[in-house]
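# Remarks on the overall topology
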Amino acid sequence: MGRNYRIGVIKGDGIGSEIVDEAIKVLDALSANMGFNLEYCEMLLGGSAIDETGVPLPEETINGVKRCDAVLFGAIGGPKWDNLERHLRPESGLLGLRKEMGTFANLRPAIVYDELVNASTLKPSVIKGVDIMVVRELTGGIYFGEPRELLKDRAYNTMVYSKSEVERIARVAFDIAMKRTKRVCSVDKANVLEVSQFWRDTVIEVSKDYPEVELTHMYVDNASMQLIREPKQFDVILTGNIFGDILSDAASMLSGSIGLLPSASIGEGVGLYEPIHGSAPDIAGQGIANPLATISSASMMLKYALGEDEASKKIDNAIKKSLAMGYRTADLSAYDAKEICSSSEIGDIIANFVSK
Ligand code: NAD
């Protein structure tokens, strides 16, 4: 009897079901020969949840995710629900779910595939070989700090970090670095902000538990410049909420296509694994969405939630192989494509590679 995992599946709206179905196809092809079993538990979120239950985050979903080992998620939202009140919109459902799940760490890899070096706006020599993991603190800092107020003649927000908040996100970054090339660059603004000095001091303290990991520090203004100038210098970037928000978006553009990049939001409990893009209503229902970001999110799930590192590597290698062989969805058709494929065809190709 193999290892059994219960996977929450939230397809969501727009292209959500098209891309999640392909990720499941790949997971099923893998699990068959890797000695583990996956049991799927489908749940509603966002617009489809509104249509069916009247709310974007049904109670069954809140309770359901807590009974899973990990959750694979597509995307939510679309014009159909854009005119609802803010708290009833699909996006509120996703924010609420992340809060319920206590996912304080957002992991955003920025990988440049050799076969797609021409898809970036930067020179191939600058981006070839880029493989960065941005570890962003997700539930603290200035987005959540109190007091906050919008007045007539002034407004303010407060950037607060407690020791435990910095310690736990730093540990996530160091643990990940141990599985990579053992380098962490902590990004802050310690030359100006007390909260950043505190962040830096705390990260240095945590680093003592990871003597094998090389820790460096960089001010956020310099980091944003270095990401564009020489991105290959980075392995793991550890940073707070607002700096991470900005840096992870900048880093994601190194790769050139939004349809390629996965993410994970993890915490003390169950983690959420999802592509960085949205529900792409403009192409929904056409079967042309790029499923690679979601398939890659499934790979992150195997690695970070289930500890199935070998299976995760198989997916990553299969993605590289499919790109090397010139298989492309329409969004990447301009970049050395040998064959333009549907979402489902890409799923078949990756599933075929991982099953060998
Ligand atoms: P989007 O990411 O959905 O789409 C932006 C552009 O990228 C579109 O042209 C789309 O066709 C393309 N695109 C996105 N994913 C693709 C894929 N896998 N393959 C090929 N092309 C792809 O962003 P948007 O248009 O600003 O938002 C659409 C909806 O998605 C909105 O309702 C928004 O609120 C929601 N959204 C949801 C999430 C989420 O669920 N995590 C994130 C961002 C936006």
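Residues Ile7, Leu72, Leu107, Val135, Leu238 and Ile350 are the most contacted members of the largest nonpolar core, which totals 70 residues. The biggest single contributor to this core is helix α1 (residues 16–34), with nine residues. Of the residues that make up this core, three or more belong to each of domain 1 (1–102 + 267–356) and domain 2 (121–255). With sequence-adjacent residues up to four places away left out, Ile7 is seen in contact with Leu38, Glu39, Tyr40, Cys41, Cys68, Ala70, Leu72, Met301 and Leu306.

All right, on to the pattern of salt bridges then. This structure, assessed with the given rule, holds 24 salt bridges. The salt bridge partner of Arg3 is Glu308, with a shortest N-O separation of 2.6 Å. Of the two residues, Arg3 sits in strand β1 (residues 3–12) while Glu308 sits in the loop between α10 (292–305) and α11 (309–324), which places them 305 residues apart along the sequence. Residue Glu308 is classed as buried on the basis of its relative accessible area, which comes to 8%. Across the pair Arg89 and Asp82 runs a salt bridge, and its minimum N-O distance is 3.6 Å. One salt-bridge network, in which partners are shared between bridges, spans Lys11, Asp21 and Glu42.

Let us look at the packing of α11 against helix α12 (residues 343–354). It is at 9 Å that the axes of α11 and α12 come closest, and there the two elements cross at 125°. With respect to α12, the axis of α11 lies oblique. The handedness of the crossing between α11 and α12 comes out as right-handed. In this structure, α11 contributes Lys314, Ile315, Ala318, Ile319, Lys321 and Ser322 to the contact, and α12 contributes Ile349, Ile350, Phe353 and Val354.

The next point concerns the site of the ligand. Taken together, 21 residues lie around the ligand, and Glu91, Gly278, Ala280, Asp282 and Asn290 are the ones closest in. In the environment of the ligand, a nitrogen atom lies 3.4 Å from a nitrogen or oxygen atom belonging to the side chain of Glu274. In this structure, a nitrogen atom belonging to the ligand sits 3.1 Å away from a side-chain N or O atom of His277. Contact with the protein chains hides 68% of the accessible area of the ligand, taken as 810 Å² for the molecule alone. Residue composition of the shell around the ligand, grouped by class: 10 nonpolar, seven polar and four charged.

With that out of the way, let us pick up helix α4 (residues 90–101). Compared with the 16 Å implied by 1.5 Å per residue over 12 residues, the 17 Å span of α4 between its first and last C-alpha is a close match. For α4, the full list of buried residues reads Pro90, Gly93, Leu94, Leu97 and Met101. The buried residues of α4 occupy an angular sector of 95° when the element is viewed end-on, so they sit on one face. The exposed residues of α4 that point more than 90 degrees off its buried face are Leu95 and Lys99. Against the buried residues of α4 lie β1, α2 (47–53), α3 (59–66), β3 (70–75) and β12 (272–275). Positive backbone phi, approximately 60°, marks Gly102, located one or two places after α4.

In this section: helix α9 (residues 241–252). Between its terminal C-alpha atoms α9 stretches 16 Å, which fits the 16 Å expected from 12 residues at 1.5 Å a residue. Every buried residue of α9 is listed here: Asn241, Phe243, Gly244, Leu247, Ser248, Ala251 and Ser252. The buried residues of α9 occupy one face: seen down the axis, they fall within an arc of 145°. Summarising the contacts, the buried residues of α9 are in contact with β4 (105–111), β5 (131–137), β8 (183–188), α7 (194–207), α8 (220–229) and β10 (236–239).

The next point concerns the packing of α10 against α11. Following both chains from N to C, one finds α10 and α11 inclined at 160°, their axes separated by 7 Å at the closest point. Taken together, the axes of α10 and α11 lie roughly antiparallel to each other. In the packing of α10 onto α11, the handedness of the crossing is left-handed. Contacts from Leu292, Ile295, Ser296, Ser299, Leu302 and Lys303 of α10 reach α11 at Asp309, Ala311, Ser312, Ile315, Asp316, Ile319 and Leu323. Classifying every residue of the contact of α10 with α11 by side-chain character gives seven nonpolar, three polar and three charged.

Turning next to the domain arrangement of the chain. The domains assigned to the chain are domain 1 (1–102 + 267–356) and domain 2 (121–255). Inter-centroid distance (C-alpha atoms) of domain 1 to domain 2 is 26 Å. Taken together, the contacts link six residues of domain 1 with five residues of domain 2. Note on domain 1 versus domain 2: buried area summed over both sides is about 490 Å², and carbon and sulfur give 63% of it. The largest per-residue losses of area from domain 1 upon contact with domain 2 belong to Glu268, Lys303 and Tyr304, which jointly make up 59% of the total buried on that side. Where domain 1 touches domain 2, the interface holds two salt bridges. The closest approach of N and O atoms between Arg168 and Glu268, which form a salt bridge, is 4.0 Å. For the pair domain 1 and domain 2, the number of links is zero residue pairs in polar contact (both at pLDDT 80 or more). Here the side of domain 1 that touches domain 2 gets three residues from one element, more than from any other, and that element is α10. Looking at the side of domain 1 that touches domain 2 residue by residue, the class counts come to three nonpolar, no polar and three charged.

Rules behind the numbers
- Residues numbered from 1 in each chain as written.
- Predicted model: local features only at pLDDT ≥ 70, side-chain atom pairs only at ≥ 80, totals over all residues.
- Heavy atoms only, no water.
- Core = buried A, V, L, I, M, F, W, Y, C linked by side-chain atoms within 4.5 Å.
- Buried < 20%, exposed > 50% of the residue type's maximum accessible area, 1.4 Å probe, protein only.
- Helix = DSSP H or I, 4+ residues; strand = E, 2+ residues; numbered from the N terminus.
- Domains from an automatic or database assignment.
- Contact = heavy atoms within 4.5 Å.
- Salt bridge = Lys/Arg side-chain N within 4 Å of Asp/Glu carboxyl O.
- Axes fitted to C-alpha atoms, helices over the stretch in contact; angles between N-to-C directions.
- Parallel < 35°, antiparallel > 145°, perpendicular 65-115°, else oblique.
- Left-handed = near helix turned anticlockwise from the far one by under 90°.
- Near = heavy atom within 4 Å.
- Polar contact = N/O pair within 3.5 Å; in protein donor to acceptor, adjacent residues only side chain to side chain.
- Areas by Shrake-Rupley, 256 points an atom, 1.4 Å probe, with all protein chains shown as cover.
- Nonpolar A, V, L, I, M, F, W, Y, C, P; charged D, E, K, R; others polar.
- Expected span 1.5 Å × (residues − 1).
- Arc of directions from axis to C-beta.
- Buried area = accessible area lost by both parts, 1.4 Å probe.

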